[in-house]
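What the coordinates show
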Amino acid sequence: MDKEIIKKIMGKKEFSDIPESLVERVIQKVYNKEMDEREVVKKTRALLRKNLAAFLSRNLLKKKLLETERILRSHTSTRERYPYYELIYKEILRVVEEKEPSIIDLGAGINGLSYDYFLINGYKPRYIAIEAVGQLVDLMNQYFETHDINGRAIKMDLFNLEEVLEVVKNTDEPRIVFLFKLIDGLEIIERDYSKRLLLALKPLTDLMVISIPTRSLGSRKKFRATREWLKKFLRENFEIVKNFSIPGEEFIIIH
Ligand SMILES: C[S@@+](CC[C@H](N)C(=O)[O-])C[C@H]1O[C@@H](n2cnc3c(N)ncnc32)[C@H](O)[C@@H]1O
């Protein structure tokens, strides 16, 4: 892969701190022989923008670390969910006996800033976020430090399966893995990767919680895709512990 193109793509601030491996993968996805360099750069950035929280969080990053609520409300993925965090974690933790489990949040965005809602529900997990966008990783780590939280965010490309599994293996059991609003993005770049990821995590985890948007991000429009393939795959390979929904998002807990 031409290092210059990667450098050029990452030259934009919003992509300046993401794993190179992810940029390379996306270039391979968009590339065809007829394209000139400009087009490759443009198409790659467009697909990255679609998948990463980088673009959405530019405003957020300017704000520095002020009130948690304001930040959670300002971020597209967490805004709609904000009024329901307490309920969501209550529904999930209801099936968890251990009060200090490990939670590994894949493609976490800024979800780590919702840590207080674990405490409100009487749990004190060790929380690990894996996220491609370095700025969000820094933001979460700052938050953990200033709020004395047992958490850590790691900049990593989820397509590097072995690295992800290593992180998971290095946490104490029981382990709960979150994949909130993540599957679509992974599938756009590599079809069926989410199945591979879920199967690889299966022997290492006690529970996994998957969420899927039920309407498209940023619009009120009802989301058409029913995700039947995902549900079928989950039914065939896991025990479904429970499902629940909040407006705009459905959660599936599997074992
Ligand atoms: C739609 S957002 C959801 C964020 C968070 N899970 C939530 O629901 O609030 C998807 C997140 O996954 C991250 N992401 C996408 N592809 C990734 C990859 N290959 N490796 C690591 N993170 C990735 C994005 O940067 C973004 O923060």
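Before reading further, recall that the structure is shown in the block above.
Residues numbered from 1 in each chain as written. Predicted model: local features only at pLDDT ≥ 70, side-chain atom pairs only at ≥ 80, totals over all residues. Heavy atoms only, no water.

This paragraph deals with the sheet that holds strand 4 (residues 175-180). With mixed pairing, the 7 strands of this open sheet are ordered in space as 3-2-1-4-5-7-6. At either end of the open sheet lies a strand with only one pairing partner, and these are strand 3 (151-155) and strand 6 (240-246). Ignoring which end each strand starts from, the neighbouring axes of this sheet average 15° apart. Bridge count between strand 1 (residues 102-106) and strand 4: 4 bridges; the pairing is parallel. Across the sheet, Asp105 pairs through a bridge with Phe178, a residue of strand 4. (Pairing = 2+ DSSP bridges. Helix = DSSP H or I, 4+ residues; strand = E, 2+ residues; numbered from the N terminus. Axes fitted to C-alpha atoms, helices over the stretch in contact; angles between N-to-C directions.)

Our next topic: the site of the ligand. Looking at the ligand, there are 20 residues lining it, with Arg81, Gly107, Glu131, Leu158 and Phe180 nearest. With respect to the ligand, the backbone of Leu158 contributes an N or O atom lying 2.9 Å from a nitrogen atom. Between the ligand and Phe180, the relevant distance is 2.8 Å, taken from a nitrogen atom to a main-chain nitrogen or oxygen of the residue. Across the complex, the protein chains shield 95% of the 590 Å² of accessible surface that the ligand would expose by itself. Looking at the shell around the ligand residue by residue, the class counts come to 11 nonpolar, 5 polar and 4 charged. (Near = heavy atom within 4 Å. Polar contact = N/O pair within 3.5 Å; in protein donor to acceptor, adjacent residues only side chain to side chain. Areas by Shrake-Rupley, 256 points an atom, 1.4 Å probe, with all protein chains shown as cover. Nonpolar A, V, L, I, M, F, W, Y, C, P; charged D, E, K, R; others polar.)

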